[in-house]
Amino acid sequence: MPSLCWGLLRLGSVLGVSCLALSSLVQLTAAAKNFEDVRCKCICPPYKDNPGHIYNKNISQKDCDCLHVVDPMPVLGPDVEAYCLRCECKYEERSSVTIKVTIIIYLSILGLLLLYMVYLTLVEPILKRRLFGHSQLIQSEDDIGDHQPFANAHDVLARSRSRPNVLNKVEYAQQRWKLQVQEQRKSVFDRHVVLS
Amino acid sequence: MDFLDEPFPDVGTYEDFHTIDWLREKSRDTDRHRKITSKSKESIWEFIKSLLDAWSGWVVMLLIGLLAGTLAGVIDLAVDWMTDLKEGVCLSAFWYSHEQCCWTSNETTFEDRDKCPLWQKWSELLVNQSEGASAYIVNYLMYILWALLFAFLAVSLVRVFAPYACGSGIPEIKTILSGFIIRGYLGKWTLLIKTVTLVLVVSSGLSLGKEGPLVHVACCCGNFFSSLFSKYSKNEGKRREVLSAAAAAGVSVAFGAPIGGVLFSLEEVSYYFPLKTLWRSFFAALVAAFTLRSINPFGNSRLVLFYVEYHTPWYMAELFPFILLGVFGGLWGTLFTRCNIAWCRRRKTTRLGKYPVLEVIVVTAITAIIAYPNPYTRQSTSELISELFNDCGALESSQLCDYINDPNMTRPVDDIPDRPAGVGVYTAMWQLALALIFKIVITIFTFGMKIPSGLFIPSMAVGAMAGRMVGIGVEQLAYHHHDWIIFRNWCRPGADCVTPGLYAMVGAAACLGGVTRMTVSLVVIMFELTGGLEYIVPLMAAAVTSKWVADAFGKEGIYEAHIHLNGYPFLDVKDEFTHRTLATDVMRPRRGEPPLSVLTQDSMTVEDVETLIKETDYNGFPVVVSRDSERLIGFAQRRELILAIKNARQRQEGIVSNSIMYFTEEPPELPANSPHPLKLRRILNLSPFTVTDHTPMETVVDIFRKLGLRQCLVTRSGRLLGIITKKDVLRHMAQMANQDPESIMFN
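Thresholds, definitions, all that
- Residues numbered from 1 in each chain as written.
- Chains lettered and ligands numbered in written order.
- Predicted model: local features only at pLDDT ≥ 70, side-chain atom pairs only at ≥ 80, totals over all residues.
- Heavy atoms only, no water.
- Helix = DSSP H or I, 4+ residues; strand = E, 2+ residues; numbered from the N terminus.
- Buried < 20%, exposed > 50% of the residue type's maximum accessible area, 1.4 Å probe, protein only.
- Contact = heavy atoms within 4.5 Å.
- Areas by Shrake-Rupley, 256 points an atom, 1.4 Å probe, with all protein chains shown as cover.
- Lys, Arg positive; Asp, Glu negative; His and termini not counted.
- Charge placed at Lys NZ, Arg CZ, Asp CG, Glu CD.
- Expected span 1.5 Å × (residues − 1).
- Pairing = 2+ DSSP bridges.
- Axes fitted to C-alpha atoms, helices over the stretch in contact; angles between N-to-C directions.
- Disulfide = S-S within 2.5 Å.
- Domains from an automatic or database assignment.
- Buried area = accessible area lost by both parts, 1.4 Å probe.
- Salt bridge = Lys/Arg side-chain N within 4 Å of Asp/Glu carboxyl O.
- Polar contact = N/O pair within 3.5 Å; in protein donor to acceptor, adjacent residues only side chain to side chain.
- UniProt positions renumbered as here; feature names shortened; annotations may be inferred.
- Phe/Tyr/Trp six-rings, centres within 6.5 Å; stacked < 30°, edge-to-face > 60°.
- Lys NZ or Arg CZ within 6 Å of the ring centre and 35° of its normal.
- Left-handed = near helix turned anticlockwise from the far one by under 90°.
- Nonpolar A, V, L, I, M, F, W, Y, C, P; charged D, E, K, R; others polar.

Novice: Help me understand the overall build of chain B in this model?
Specialist: Counting its regular elements, chain B contains 28 helices and twelve strands. Dimensions of chain B, computed from C-alpha atoms along their principal axes, come out at roughly 115 × 60 × 60 Å. Buried positions account for 57% of the 747 residues belonging to chain B. Summarising the internal contacts of chain B: among those between residues at least 6 apart in sequence, 73% fall at separations of at least 24. For chain B, the accessible surface area stands at approximately 31900 Å², while carbon and sulfur atoms represent 59% of it. Distance between charge centres in chain B, computed from 70 positive and 74 negative side chains, equals 6 Å.

Now the structure itself:
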């Protein structure tokens with residue numbers, strides 16, 4: 001029964017997160033039509049005495065051509081057609097909101113991971129050493145040897161089996177994960193068995 | 001690992017680094033389907049459940065497409081920003097890359113299209129100068145520092161959180177799809193870390209791409225969603241169908257090529273590809289491409305940075321340089337595969353492999369220091385390929401398009417016939433040559449480090465650089481020697497005949513084909529990238545030539561070579577076995593080896609079996625009638641024996657070490673006061689595959705391949721002689737090919 005609840009909880013959280021992600025995505029794509037996010041860009045090469053120039057204007061796609069965008073027109077009268085023939089106009093749009101949200105979400109995830117990494121590699125061993133004294137340290141160092149993260153996972157697991165409650169379940173799951181990562185690290189980095 | 005106290009695993013799950021039993025998975029799925037169909041007639045609710053079960057496949061594909069497209073969009077946007085972060089920062093909004101920062105600016109001029117006051121390089125921010133020696137040095141230092149920071153963060157994250165996230169992923173996914181189990185390789189942490197660190201390593205300027213890792217990311221998404229539905233989570237065979245489709249979605253978002261993605265999955269990655277998977281893969285690839293397009297990372301509704309749209313024609317006489325480019329691609333592919341495998345083997349066996357973090361930092365430092373001075377290696381590889389693929393119109397201001405224009409011309413510039421190369425083009429040629437040599441050398445050392453690394457973009461860059469140089473050479477040759485026979489017919493003076501951008505595309509296809517040995521999927525991906533069906537013939541000519549040249553030196557592409565290096569039990573469907581050996585030559589036990597460890601049908605005690613299991617490490621034992629007659633009854637798996645005995649000792653009454661273990665329907669005749677016997681018929685496989693001892697190995701290898709067997713028993717006139725496992729088959733094939741048979745490590 002508890003495994004069923006756990007499974008339902010996981011499924012519910014996954015569905016909730018994916019619904020949130022999808023709805024935000026839909027909102028983002030809908031809100032993409034910011035004023036400054038559409039433009040018609042005309043590149044005109046040098047012609048006779050005029051140097052090359054780039055013209056930008058916020059205009060709809062059907063009006064995106066040389067006559068509407070190039071303003072003020074540098075040539076007069078019959079030269080306008082020859083000038084406009086060389087110009088190349090392209091309609092572009094982007095979504096500045098998408099860019100902003102994506103970069104900020106990515107940086108926050110990266111920051112969280114870095115903080116967690118610093119905690120796991122530097123802070124946690126110091127805390128455990130201070131809380132549980134010297135004897136545990138000897139036992140865990142015998143087990144692992146060199147300085148790996150998660151070096152104390154074995155004994156924490158052995159101790160945490162006795163008291164079943166939610167916090168302990170989380171810690172138990174975390175220690176199991178640490179052991180898995182340690183096994184992976186051994187096969188990839190130390191023994192070079194997989195992914196050489 | 002007793003202290004882990006895992007929940008009691010049911011009979012039917014597999015151990016890590018073992019092969020699945022395809023036949024059993026298929027029959028379990030058929031059973032499940034039959035049960036659901038028969039129950040659906042009972043009530044409306046059961047009928048709805050059967051409909052949901054049928055539709056769950058499509059729901060999984062939809063979810064995979066959405067998540068893969070979203071992750072690819074996030075990766076593209078983040079890479080765009082972080083690559084430019086090495087050079088400068090946007091003052092108005094720090095999250096804009098260079099191009100986005102100057103998007104709304106009115107100060108861009110025709111000559112300096114990239115400059116705008118809002119985007120400032122690091123030299124302008126730190127020492128307030130934008131030109132000169134000190135500005136150059138400050139920019140150089142900042143570039144190196146950012147590159148080192150990104151690479152260090154990436155390798156630390158991989159090492160601490162998810163060591164399986166390193167490498168390309170495609171060799172391991174090929175092995176997984178053929179039936180191998182690597183637990184955690186497609187897990188959630190691997191997905192998260194691979195996505196995050198992929199952005200970091202691509203932005204750090206290392207010579208690698210993101211296409212191979214995107215396939216891994218998409219397969220992780222596939223694994224994640226298939227674990228939500230019991231139809232896929234409990235059946236390893238069905239799960240691999242979902243993973244095949246997810247791989248197609250991965251390539252589709254990497255290249256913007258849905259059809260190419262499906263063909264890549266079919267040709268390169270998948271092992272069994274039923275027609276149903278073809279349709280579902282296409283659906284997943286389309287959904288992924290559509291999601292990526294709606295996120296619109298490049299601001300112009302294109303899926304890939306180097307989409308070209310010109311339609312200039314090519315001429316038959318140009319097939320000669322195209323075939324030369326194909327030969328170059330094949331030679332480069334062979335060189336790269338051999339050197340990279342040698343370097344990876346050295347990393348695996350010597351002390352070099354003990355310092356992964358230091359190795360990444362040193363390679364990044366070397367790459368950044370050598371790459372910065374040359375403008376073609378300073379920019380990101382995707383932008384380089386895009387610039388090389390582009391045709392020179394009037395509006396291009398890059399150095400590659402610096403041709404000498406006739407000042408008295410009256411017609412518009414892009415209608416000009418072939419022009420002689422100006423100074424800029426000559427400078428570009430030798431810079432490209434240096435960049436080519438650098439990229440060839442550095443990619444050998446970069447691919448295979450302990451960071452996510454892909455191969456496609458560097459190979460395409462090498463080919464594009466070579467192709468563009470050949471194209472410019474042919475163009476100038478045609479301009480200066482109109483009267484030569486080969487040019488006379490199709491390249492009259494005043495005609496625009498040679499397009500160097502096309503040569504770059506053909507070169508890119510040739511190099512990519514030489515390394516990976518892709519055929520159809522390569523051509524389809526390239527023409528989906530270019531949008532033009534006119535160039536199929538040059539692309540095919542180059543791809544075919546490069547594959548022939550590369551195959552003349554060795555049969556293996558880079559992914560098969562890495563599979564061999566790691567010793568995975570991958571029985572390739574492309575290999576042909578043409579030797580005349582028989583099953584007796586390969587089976588175990590050989591002459592001089594101890595006899596086969598068998599179980600008897602009703603005369604062994606529990607203690608005998610436990611001793612047998614402890615003393616040997618075989619994955620299964622054949623069950624015979626008795627030691628005298630040795631007639632075969634069936635096959636029992638080691639894991640299931642262990643679980644069943646443990647279960648019986650805990651739960652059943654009266655089972656002691658002296659209890660007789662029997663596999664028949666009825667218990668054997670026992671004396672009155674003997675302990676309760678243990679019936680284990682339910683774990684016995686009554687239909688193991690058998691061949692006779694004179695079966696040719698050709699047939700045996702075919703059976704292993706087509707049915708996905710793990711072991712096969714050898715009999716003669718009904719009596720059990722020996723066993724052939726997949727490992728024995730692989731070792732035998734390696735021995736026949738004069739390779740080291742001890743390199744096959746897994747079972």
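Having seen the model, we can carry on.
Novice: In this structure, what is going on with the overall build of chain A? I would like to understand it.
Specialist: Per the secondary structure count, chain A includes six helices and three strands. If you list the helices and strands of chain A from N to C, you get α-β-β-α-α-β-α-α-α. Of all 196 residues assigned to chain A, the portion counted as buried reaches 35%. Accessible surface for chain A amounts to roughly 11800 Å². Of this, 63% is attributable to carbon and sulfur atoms.

Novice: Before we go on, may I ask you to explain helix α22 (residues 536-553) of chain B in this structure?
Specialist: Think of an α-helix as 3.6 residues a turn; residues three or four steps apart then line up on the same face. Residues and elements named next belong to chain B. The terminal C-alpha atoms of α22, which comprises 18 residues, lie 26 Å apart, in line with the 26 Å expected from a rise of 1.5 Å per residue. What α22 keeps buried is the set P538, L539, A541, A542, A543, T545, S546, V549 and A550. Looking at the buried positions of α22, the neighbouring elements they touch are α13 (319-349), α20 (500-516) and α21 (520-530).

Novice: I would appreciate a short explanation of the sheet that holds strand β4 (residues 604-605) of chain B in the present structure.
Specialist: Sheet strands pair by backbone hydrogen bonding; their relative direction is either parallel or antiparallel. All names here are of chain B. Ordered by their spatial adjacency, three strands build an open sheet running β4-β7-β8, and the pairing between neighbours is mixed. Each of the sheet's edge strands pairs with one partner strand only, and the pair in question is β4 and β8 (678-679). Two strands pair when backbone bridges link them, and strand β7 (residues 660-662) and β8 are joined in this way by two bridges, in the parallel orientation. Across the sheet, residue M661 finds its bridge partner in β8, namely L678.

Novice: Before we go on, may I ask you to explain the sheet that holds strand β11 (residues 711-716) of chain B in this structure?
Specialist: Residue and element names in this part refer to chain B. Taken in spatial order, the three strands of this open sheet run β10-β11-β12, and their pairing is mixed. Only two strands of the sheet have a single neighbouring strand rather than two, namely β10 (690-692) and β12 (719-725). Averaged over all neighbouring strand pairs, the angle between strand axes comes to 35°, with direction disregarded. Two elements, β11 and β12, share six bridges in a ladder whose sense is antiparallel. Counted as the bridge partner of L713 is I723 from β12.

Novice: Please explain the state of the cysteines as it appears in this structure.
Specialist: Disulfides are covalent bonds that connect the sulfur atoms of two cysteines. On inspection of all chains with the given rule, the structure shows six disulfides over all chains. Each sulfur of the disulfide joining C66 of chain A and C84 of chain A lies 2.0 Å from the other. Taking the torsion about the S-S bond as the criterion, the C66 of chain A to C84 of chain A disulfide, at about -70°, is left-handed. Within this pair, whereas C66 of chain A is found in helix α2 (residues 66-69), its partner C84 of chain A is found in helix α3 (residues 79-86), the two being separated by 18 residues in sequence. Just as C66 of chain A is buried, C84 of chain A falls in that class too. Across a sulfur-sulfur distance of 2.0 Å, C102 of chain B and C116 of chain B are joined as a disulfide pair. The chirality of the disulfide connecting C102 of chain B with C116 of chain B is left-handed, given an S-S dihedral of about -75°. Note that C102 of chain B is positioned in the loop between α3 (98-101) and β2 (119-121) and C116 of chain B in the loop between α3 and β2, a separation of 14 residues in sequence. Grouping residues by exposure puts C102 of chain B and C116 of chain B together as buried. Sequential numbering of the bridged cysteines in chain A gives the disulfide pattern 1-4, 2-8, 3-7, 5-6.

Novice: Could you clarify how one ought to interpret the domain arrangement of chain B in this entry?
Specialist: Put simply, an interface is often sized by how much accessible area is lost when its parts join up. Residue and element names in this part refer to chain B. Entries for chain B in the domain assignment read domain 1 (66-295), domain 2 (318-389 + 416-558) and domain 3 (583-737). With centres defined by C-alpha atoms, the gap from domain 1 to domain 2 works out at 22 Å. In this complex, domain 1 contributes 41 residues to the contact, which on the side of domain 2 involves 39 residues. Here domain 1 and domain 2 share an interface that buries about 3500 Å² over both sides, 71% of which is from carbon and sulfur atoms. On the domain 1 side of the interface with domain 2, the three residues burying the most area are Y143, S207 and F255, jointly 18% of the side's total. If you look at where domain 1 meets domain 2, you find zero salt bridges. In this structure, the connection of domain 1 to domain 2 is made through eleven residue pairs in polar contact (both at pLDDT 80 or more). If you tally residues by element for the side of domain 1 that touches domain 2, the top one is helix α5 (residues 133-161), at 13 residues.

Novice: How do you make sense of the UniProt feature "domain: CBS" (unreviewed entry) in chain B when you look at a structure like this?
Specialist: All names here are of chain B. Look at the UniProt record and you will see "domain: CBS" (unreviewed entry) annotated at residues 587-653 and 684-742. Annotated as residues 587-653, this span is 36% helix and 22% strand, and its ends, taken at the C-alpha atoms, are 41 Å apart. Span residues 684-742 is 37% helix and 31% strand, its end C-alpha atoms 31 Å apart.

Novice: Would you explain the interface of chain B and chain A in this entry?
Specialist: Each side of the interface is counted separately: chain B has 68 residues, and chain A has 60 residues. Here chain B packs against chain A, burying approximately 6100 Å² in sum over the two surfaces, 71% of which is carbon and sulfur. Counting the contacts that link chain B with chain A gives zero salt bridges. On inspection of chain B and its partner chain A, the count reaches eight residue pairs in polar contact (both at pLDDT 80 or more).

Novice: Would you mind showing me how to read the pattern of salt bridges here?
Specialist: As a working rule, side chains carrying opposite charge can pair if their charged atoms are close by. Per the stated rule, a full pass over the model turns up 32 salt bridges over all chains. The partner of K178 of chain A in a salt bridge is E124 of chain A, with the nearest N and O atoms 2.9 Å apart. On the criterion of sequence distance, the pair formed by K178 of chain A in helix α6 (residues 166-190) and E124 of chain A in helix α4 (residues 96-144) is long-range, its members being 54 residues apart. Neither K178 of chain A nor E124 of chain A differs from the other in exposure class; each is buried. With a closest N to O distance of 3.6 Å, R588 of chain B and E593 of chain B form a salt bridge.

Novice: Even after reading the chapter, I still don't get the packing of aromatic side chains, so can you show me in this structure?
Specialist: To describe a pair of aromatic rings, one takes the distance between the centres and the angle between the planes. Enumeration according to the criterion identifies 32 aromatic pairs over all chains in this entry. Residues W58 of chain B and W279 of chain B carry aromatic rings whose centres are separated by 6.3 Å and whose planes lie at 75° to one another, so their mutual orientation is edge-to-face. Taken together, the residues span a long stretch of sequence, with W58 of chain B in helix α2 (residues 44-85) and W279 of chain B in helix α12 (residues 275-295) at a distance of 221 residues. Ring geometry for Y618 of chain B and F621 of chain B: centres 6.5 Å apart, planes at 75°, overall edge-to-face. According to the relative accessible area criterion, Y618 of chain B is partly exposed, its value standing at 42%. Aromatic ring contacts, followed pair by pair, group Y116, Y119 and W177 of chain A together with F161 and W189 of chain B into a single cluster. Looking at R378 of chain B, its charged tip hangs above the ring of Y372 of chain B, at a distance of 4.1 Å from the centre.

Novice: Got a minute to help me understand the packing of α2 of chain B against helix α8 (residues 211-226) of chain B in this structure?
Specialist: The relative placement of two packed helices comes down to the angle between their axes together with the axis-to-axis distance. Residues and elements named next belong to chain B. It is at 9 Å that the axes of α2 and α8 come closest, and there the two elements cross at 140°. The element α2 and its partner α8 pack so that their crossing is right-handed. Contacts between α2 and α8 involve V60, L63, I64, L67, A68, L71, A72 and I75 from the first element and L214, V217, A218, C221, G222 and F225 from the second. Classifying every residue of the contact of α2 with α8 gives 13 nonpolar, one polar and no charged.

Novice: Hey, could you run me through unusual backbone geometry in this one?
Specialist: Of all residues except glycine, most have a negative phi; of all peptide bonds, most are trans. Residues and elements named next belong to chain B. Look at the link from R588 to P589: it is a cis peptide, with omega at 0°. Relative to the elements of secondary structure, P589 occurs in the loop between α24 (583-586) and β3 (599-600). A positive phi is found at N128, a non-glycine position, where the angle reads about 65°. Mapped onto the secondary structure, N128 falls in the loop between α4 (122-126) and α5. Residues other than glycine seldom take positive phi values, yet E630 does so here, at roughly 55°. As for its position among the elements, E630 is in the loop between β5 (620-624) and β6 (632-637).

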